Structure formats: structure tokens, C-alpha cells
Amino acid sequence: MLRRQNVVDFDIVSSNGFMKHLKAMVVIGVVLLLAGVSFRFAAAQGPGTGQSETVAKPKKKDAPAEAADEPKIPSKFSKKDKDVPEGLPTFSSDVNTVQLEVAVLDNHGHFIPNIPRDKFRVLEDNVPQQISGFSTNADAPMTVAMVIEFNALFQQYWSQGWYQTLVASYGFVETLKPDDYVAIIAYDLRPEILTDFTTDRGKIQEAMQRLRIPGFSESNMYDALVDTAQRMTNIEGRKAILLIATGRDTFSKLTFDKARKAIQEAGVPIYAISLLQAFRIVADAYMSDSQRMDFLQADNQLNVFTRETGGQAFFPRFYGEFPGIFRDIGTALRNQYSIAYSPSNQVKDGKFRKIKVELVNPDNGEQLRITDQKNKPIKYSIVAKQGYNAPRAVE
């Protein structure tokens, strides 16, 4: 009986050990399964790692095939021919036209309308220019590329940065009009086009739904801004980039100076909404000097990019400020004075030309005085790009 009891005890112990191992294996399997699902979900929802398609208005379904598929047009001249045969007409153009989108805002950020053409003066390198074109449109449709920082450092799922990013993004989309074109670009390690330019609000909402779980912790703002601005260079009409970001850059291929020059050459106005301003104030006592410097540099970068392209930067601390910011951006984009002029300096040297737009009294050349209904002077500011790079001569 004693021997049988020992056998029974051994069987019970073995059974208990087996059950413990079985439970452990089940737990490990569930964890691995959830990890795999989470990884696939993150890959599906966050910014992708592949290369993006171009930011351009979609082609029509019945558009002709790519030019690469068509046979080349034969030519009796080869690239080796340096001299043009006699008797053939040659054409050249030395005229360069500069287009400016100018907004005149009062001290509350409101657009000041009905300013006549003769009150504007344009200076290029401090030399007055002759205005050749002038127009206003109080309700023009706009083309906006929303460039949104979405990384695992500041936009972790259900974090304060994640929530604020979605509030700013969804809030601006709600202010758009039916004929406005919008593209959504999210960036972390690299930019990804979530939706190309479209007026379809359904596609825009689908793109916004992908802003859930971020991928990488890097924030390559320079690369994303330059890539988007260069793609928008040939888009006509009123266009702008809305940057929703902290302003920090961690791993871009481009430096600040190279990005700044490329953005100036693209000539697309940038409007920026800074994130986590209130969080920085609360966490200031716990940040190191280098961390404070990073955020101060980020604010400065947003100011530089927006000011030099004729846009504006906003640094909200409270959620209640967002509706006013959206209204100011929409007003600045829709209510602008379009000014064109041919520079007196037609030298094609590729150098940067500084532009300054002023409001003057044509009778005496002094600064224009604008008053309200009570004849009180209004303080105003002029928002326009600060310059451009002259074209280079083509040899």
C-alpha cells in the first residue's frame, strides 16, 4: 500500500508540473500572437516605410500612356551637334516674372480688404519695381498639403501629443470648403503620402484614420518639408503647406541651411502649428539645458520657414486657441492680394534677391495710414515671401 501511495503521489506531482508547463506555453503563445497582431496593425496604420508616390493631382482614368512607352520622335540633329544649322529660327527669353501673394493683417490677425493697387510698393534689393499685375479674390479655393509629424516619440498611442495632433489635423480639415484640394502627408523617418490632392472628403477621412499608431521615433522635418514643397512648385493657384509639428528635426539628410534654401526656391507659403507648448511649460523644471535648447531651436525653425515663405507660425497653449488659428489660416489663404512684377535686374546669376512689400501714400511716399470706422489708426503687418533665387543662365 505504501508503494502504491508513492506512485500516486508521483503521478500527481508529474501532473501538476505538466499543467504548469502547459499554462506557461499557452501564455507565451498568446503574447506572441498579440505581438504579431500589434506589429501588423502598426504597419498597416502608421506611416509606411516604402517610397511614396508623387504629390500631384490624380490623372484621369482615360489619360494616355506614359511617354516612355511611346516611340521617340526622330531628329536629324544629335546631341553631339554644337552648332545650329544656318537658316533655322532661334528663340530666347530674358523676361522673368515674380508672383507675390500678399496679406495685410491688423493687430488681431484679421485681413484688411479693399486696399487699392497704387498703395502697394514692391522693393527688390531696395530698388522699387513696376507692378505689372494686381488682383484680389476674397473667396478663392486653396490647395493645401498638410504635413503632419507622427512619430513614436511624441505621438505615442493615447498620449498628449497624439491627441493634440489629431485635434489640430481633424479640426483644420473640418474648416475646408468643398472645392478645396487637400493632401495628407505624415512623416517620421521618412514622409508618406496618405492621400494625394483631392476634394473627396471620404478619402481625406480614410487618410486621417491611419494616424493611430506611429512607426519610428525619428522626426525628419527638413526632408518632409523640402520634398513636399518641391512637388508643389508647378501647382497653380493659391497653395500652401500646413505643418503640424513640434518643429524638431532628428535625422534628416538635409541640413537646416540646405532645407531653408530649397524651401525659398520652391516658393510655397508655409503655415505652422506648433505642438506640445503647454506640456513644455509643465515639464520645464525636469528638462536639461540641451532639451530646452532643442525646443527653442524648434520654435525658431518654424518661425524662419514660415516668415521667409510668406506664411505664419502659431504656438497654441490651449485647445481653445485652435478654432481661431484655423480661421486665421483660412482667411490669410483665401483673402490675398496677388501682385506680379518683372524685376528691373534681369541678370541670371542664381543669387538671392530680397523682396519687401510696403503700403505707401502715392502722393508723398510715406507709410500708408489705415484707420478704423472711428478714424483711429490701425496697426497692421504685411505678410509676403521675403525673397527668391534668381534663375541661372542656360548655356
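Structure first, text after, so check above.
It should be emphasised that the depicted structure is a prediction, and the values quoted were computed from it without experimental measurement.

Draft legend 1. Region of the structure containing the sheet that holds strand β2 (residues 120–124). What the 4 strands build is an open sheet, ordered β3-β2-β12-β14; its pairing is antiparallel. Both edges of this open sheet fall to β3 (127–128) and β14 (387–389), since each of them pairs with a single strand only. Two strands pair when backbone bridges link them, and strand β12 (residues 352–359) and β14 are joined in this way by 3 bridges, in the antiparallel orientation. Pairing of F352 across the sheet is with N389, part of β14.

Draft legend 2. Examining the layout of surface pockets more closely. Looking at the largest pocket, its volume works out to about 560 Å³. Around the largest pocket sit 27 residues that line it, and Q99, K239, A266, G267 and K385 are the ones nearest its centre. Counting residues per element, the ones that place at least two in the lining of the largest pocket are β1 (98–106), α5 (256–266) and β14. Of all the elements, β1 adds the most residues to the lining of the largest pocket, at 4 residues. Class assignment of the residues belonging to the lining of the largest pocket gives a composition of 10 nonpolar, 11 polar and 6 charged.

Draft legend 3. Just empty space enclosed by the protein, in detail. For the structure shown, the criterion picks out 1 cavity of 30 Å³ or more. Its volume calculated, the largest cavity comes out at about 40 Å³. Together, N96, N345, Q346, V347, K348, R353, Y388, A390 and P391 line the largest cavity. Here the residues of the lining of the largest cavity are counted per class, giving 4 nonpolar, 3 polar and 2 charged.

Draft legend 4. Representation of α5. Residues of α5 that are buried: A259, A262, I263, Q264 and A266. Of the surrounding elements, those touching the buried residues of α5 are α4 (221–231), β9 (270–274), α7 (289–309), β12 and β14.

Draft legend 5. Structural detail: the nonpolar core. M146, F172, I184, L211, L242, Y271 and I329 are the most contacted members of the largest nonpolar core, which totals 37 residues. A224, L225, V268 and I270 belong to the second largest nonpolar core, which has 27 residues in total.

Here is what the cut-offs are and how they apply
Residues numbered from 1 in each chain as written. Predicted model: local features only at pLDDT ≥ 70, side-chain atom pairs only at ≥ 80, totals over all residues. Heavy atoms only, no water. Pairing = 2+ DSSP bridges. Helix = DSSP H or I, 4+ residues; strand = E, 2+ residues; numbered from the N terminus. 1 Å grid on protein atoms, 1.4 Å probe; cavity = no way out; pocket = protein on both sides within 12 Å on 5 of 7 lines; lining within 4 Å. Points joined across faces, edges and corners; volume = space filled by probe spheres on them. Nonpolar A, V, L, I, M, F, W, Y, C, P; charged D, E, K, R; others polar. Buried < 20%, exposed > 50% of the residue type's maximum accessible area, 1.4 Å probe, protein only. Contact = heavy atoms within 4.5 Å. Core = buried A, V, L, I, M, F, W, Y, C linked by side-chain atoms within 4.5 Å.

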